[in-house]
Amino acid sequence: QLELVQLGYKLKQMRPLQQPPLEPSLAVHWLGTVKEPTEQEALVLSKEHELYVRKVVEAIRDEGDDNERRQVFRSLRLSDGLASVAPVLVRFAAGEAAKAKKRSCRTLRNAIAALRALSLNRHARLEPLLHDVLPAVLTCVVGKKLGNDSEHLILRSEAARCVADICDEFGDRYASLRPRVAKTL
């Protein structure tokens, strides 16, 4: 027995170190098994949030009157409880905007208005969703054919304003955002 007086430990015997493996091997770790949720595993919304999402969808699809639509977009810009539903709203609005050739310019303008309102809302936590937002909005700026009517210049202008707002809001935090947008334009 070896006695270490300073530390007060007694070492009965020293075991030899374990030999390293001769060949490299792989092991599964829980960090490596992250996957996208399926539709069934997706975000579970409360009844109030489901109703809210339905109202936003109706506003984007141009269902209902103009006053109600303006109220929905104002709510998207000012509400502080949108972080939990922002992914659903962004996915829908960006999906509508990405179908620029098939949608009316009015529907596309509504989708851009919804995305712009969300981008101006600091409580929506849009940062992790920018990769969904920007391609759809930029499509409405530079797309060859937008909508199936003659309002495409208004749509392009509103989409460009949305891109400018996103760059103003997030450009300082993401150094590559503005150059990438400029390269696309």
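Since the structure is predicted, the reported quantities are computational estimates derived from the model, not experimental observations.

Novice: Requested: an account of unusual backbone geometry, with residues and values cited.
Specialist: In the Ramachandran plot, Asp 62 falls in the positive-phi region, its phi being about 65° despite a non-glycine side chain. Relative to the elements of secondary structure, Asp 62 occurs in the loop between α1 (47–60) and α2 (66–78). In the Ramachandran plot, Arg 125 falls in the positive-phi region, its phi being about 50° despite a non-glycine side chain. Positionally, Arg 125 belongs in the loop between α4 (105–120) and α5 (130–142).

Novice: Please give an account of the side chain of Arg 109 that cites residues and values.
Specialist: Within the element layout of this structure, Arg 109 appears in helix α4. A relative accessible area of 17% places Arg 109 in the buried class. Among all residues touching Arg 109, those that are not within four sequence positions of it are Glu 151, Ile 154, Leu 155 and Glu 158.

Novice: Please give an account of the environment of Ala 93 that cites residues and values.
Specialist: You can see Ala 93 is positioned in helix α3 (residues 86–98). Considering only alpha carbons, one finds Ala 93 and Val 137, 44 residues apart in sequence, at a separation of 9.8 Å.

Novice: Outline helix α6 (residues 152–170), supporting the account with residue identities and numerical values.
Specialist: A rise of 1.5 Å per residue sets the reference length of α6, with its 19 residues, at 27 Å; its end C-alpha atoms lie 27 Å apart and thus fit the reference within 8%. Where α6 is concerned, the buried positions are Leu 155, Arg 156, Glu 158, Ala 159, Cys 162, Val 163, Asp 165, Ile 166, Cys 167, Glu 169 and Phe 170. Residues of α6 that are buried make contact with α4, α5 and α7 (177–184).

Novice: Describe in detail the packing of α4 against α6, supporting the description with residues and values.
Specialist: Where α4 meets α6, the closest approach of the two axes is 9 Å, and the angle between their N-to-C directions is 15°. One element, α4, and the other, α6, form an angle in the roughly parallel class. The two elements α4 and α6 meet at a crossing, and its hand is left-handed. Residues Cys 105, Leu 108, Arg 109, Ile 112, Leu 115, Arg 116, Ser 119 and Leu 120 of α4 touch α6, and the partners they reach there are His 152, Ile 154, Leu 155, Glu 158, Ala 159, Arg 161, Cys 162, Asp 165, Ile 166, Glu 169 and Phe 170. Looking at side-chain class alone, the contact of α4 with α6 contains 11 nonpolar, two polar and six charged residues.

Novice: Residues and numbers for the pattern of salt bridges, please.
Specialist: The final tally for this structure, using the stated rule, is 12 salt bridges. In this structure, Arg 106 and Asp 66 form a salt bridge, with 3.1 Å as the shortest nitrogen-oxygen distance. Of this pair, Arg 106 sits in helix α4 while Asp 66 sits in helix α2, and the two are 40 residues apart along the sequence. Look at Arg 106 and you get partly exposed, because its relative accessible area is 27%. Between Glu 169 and Arg 173 there is a salt bridge, with the nearest N and O atoms lying 3.1 Å from each other.

What counts as what
- Residues numbered from 1 in each chain as written.
- Predicted model: local features only at pLDDT ≥ 70, side-chain atom pairs only at ≥ 80, totals over all residues.
- Heavy atoms only, no water.
- Helix = DSSP H or I, 4+ residues; strand = E, 2+ residues; numbered from the N terminus.
- Buried < 20%, exposed > 50% of the residue type's maximum accessible area, 1.4 Å probe, protein only.
- Contact = heavy atoms within 4.5 Å.
- Expected span 1.5 Å × (residues − 1).
- Axes fitted to C-alpha atoms, helices over the stretch in contact; angles between N-to-C directions.
- Parallel < 35°, antiparallel > 145°, perpendicular 65-115°, else oblique.
- Left-handed = near helix turned anticlockwise from the far one by under 90°.
- Nonpolar A, V, L, I, M, F, W, Y, C, P; charged D, E, K, R; others polar.
- Salt bridge = Lys/Arg side-chain N within 4 Å of Asp/Glu carboxyl O.

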